[in-house]
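Single-letter residue listing:
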Amino acid sequence: MKSIDIHAHLVPKSLWQAADAGREWYGFRHEPGDGLGTMLGGGRRTAFNSPKVRFTPEERLKDMDAQGVDVQVVSIHTPFFGYHLEAAQGRALAREVNDEIASMTRQWPQRFAGLATLPVQDVKAAIDELERAMTVLGLKGAELDTNVNGENWDDPKFLPLFKAAEALGAVLFFHPQPQHNFLLQRTAKYGLFNSLGVIFDDAIVVAILIFGVLHKCPALKACVAHGGGPACYAMGRLDRGWQGTPAERRSIAEPPSAYQRRLYYDTVVGSEKALRFLIDEVGIDRVVLGSDWPFVPWQPSPVSWVQGLKSLSQEEKDRILWRNLESLLKL
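Residues numbered from 1 in each chain as written. Predicted model: local features only at pLDDT ≥ 70, side-chain atom pairs only at ≥ 80, totals over all residues. Heavy atoms only, no water.

Caption draft 1: Examining the environment of Trp153 more closely. Take Trp153: it is sitting in the loop between β7 (141-144) and α5 (159-168). For Trp153, a relative accessible area of 1% translates into the label buried. Within the structure, the side chain of Trp153 is placed 2.7 Å from the backbone oxygen of Asp145, a separation counted as a polar contact. (Helix = DSSP H or I, 4+ residues; strand = E, 2+ residues; numbered from the N terminus. Buried < 20%, exposed > 50% of the residue type's maximum accessible area, 1.4 Å probe, protein only. Polar contact = N/O pair within 3.5 Å; in protein donor to acceptor, adjacent residues only side chain to side chain.)

Caption draft 2: Expanded view of helix α9 (residues 272-282). Of all the positions in α9, only Leu275, Arg276, Leu278, Ile279 and Val282 are classed as buried. Along the axis of α9, the buried residues cluster in a sector spanning 160 degrees; they form a single face. On the buried face of α9, the contacting elements are β10 (264-266), β11 (287-288), α10 (302-307) and α11 (314-329). Remark: Gly283 follows α9 within two positions and exhibits a positive phi of approximately 100 degrees. (Arc of directions from axis to C-beta. Contact = heavy atoms within 4.5 Å.)

Caption draft 3: The arrangement of the sheet that holds β11 in detail. Spatial ordering of the open sheet is given by β7-β8-β9-β10-β11, a layout of five strands whose pairing is parallel. Each edge of the open sheet carries a strand with a single partner, namely β7 and β11. Both β10 and β11 contribute to a ladder of two bridges, which runs parallel. Bridging across to β11, Tyr265 finds its partner in Val287. (Pairing = 2+ DSSP bridges.)

Caption draft 4: Structural context of the packing of aromatic side chains. Counting across every chain of the model gives 15 aromatic pairs. Between Phe81 and Tyr83, the ring centres sit 4.9 Å apart and the planes meet at 15 degrees, which makes this aromatic pair stacked. Grouping residues by exposure puts Phe81 and Tyr83 together as buried. Geometry around Trp242 places Arg250 over its ring, the cationic atom sitting 3.9 Å from the centre. In this arrangement the basic side chain of Arg286 is found over the ring face of Tyr264, its NZ or CZ atom lying 4.2 Å from the centre. (Phe/Tyr/Trp six-rings, centres within 6.5 Å; stacked < 30°, edge-to-face > 60°. Lys NZ or Arg CZ within 6 Å of the ring centre and 35° of its normal.)

Caption draft 5: Quick peek at the sheet that holds strand β3 (residues 38-41). Spatially, the three strands line up as an open sheet ordered β2-β3-β4, and their pairing is antiparallel. Of all the strands in the sheet, the pair left with one neighbour each is β2 (29-31) and β4 (44-47). Pairs of neighbouring strands in the sheet enclose a mean axial angle of 30 degrees, with direction left out of account. With four bridges connecting them, β3 and β4 associate as antiparallel partners. (Axes fitted to C-alpha atoms, helices over the stretch in contact; angles between N-to-C directions.)

Keep in mind that these numbers describe shape and distance, not what the molecule does.
Take a look at the structure:
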């Protein structure tokens, strides 16, 4: 095992089966168009920019071989979390998707691990599904959005979910919406909703976890996509803000920078300089391989990219490519 990718998405086969039959999938409706068309649901339109979203597991494995990826940690494509659904429907969506991911991990246990999706609009149902995913399906944790229908993760009602994840040893992978995030309130031009909007949401969830969650759940295992966005770059500003807050109003006992090494971060940062900075800030033991499969066109592959970085030692490359995730996920 020489490469493990924590950031690899799945568009469920049941969604495509429904689209081919002209049926809705949990309120999502397929609209033909360029390429694979778009999905409409929850008041949002999701376009597909890669034909690989329709790959069978066998086709996915061939693509992994071509990229030199030994193991993918599979999680749902984030527009299909279904947090906007009524609770029972959200629970049904999650169970169906998690069963599909688990079937991949059972059939190819050396090539796939899985992260569940959870109906977090109902915290008790989310806890129940996380327990099922971990203890029955053999998944490694869950993928979560950076907010829940506009509510942040530091809301007290979500604390039982984090406590359950902590007790189960579940890894939580936070990933924002790629085509629908707050940056659309400013502009829809230049593709900024993806290139900047996504990483701004990453940085916000890093801050929310530091100020509102990590000190309450000291053993929580959490990873943030896209290197946590600019959060670590802005940590000095967060520290200054904390230092300027009266002690009696502080939510955490230490500066925010003392907590940033409690999180994990993937390598989808866009440049070697950014990755080197991230490693130097959080430590090599906190950075893990991510590809954002199949949405980032790596040349030639995320593994080759890491192996070719001149600012990293081979020990650092090995930690990123597989050692850290092997330990974190207990593979």
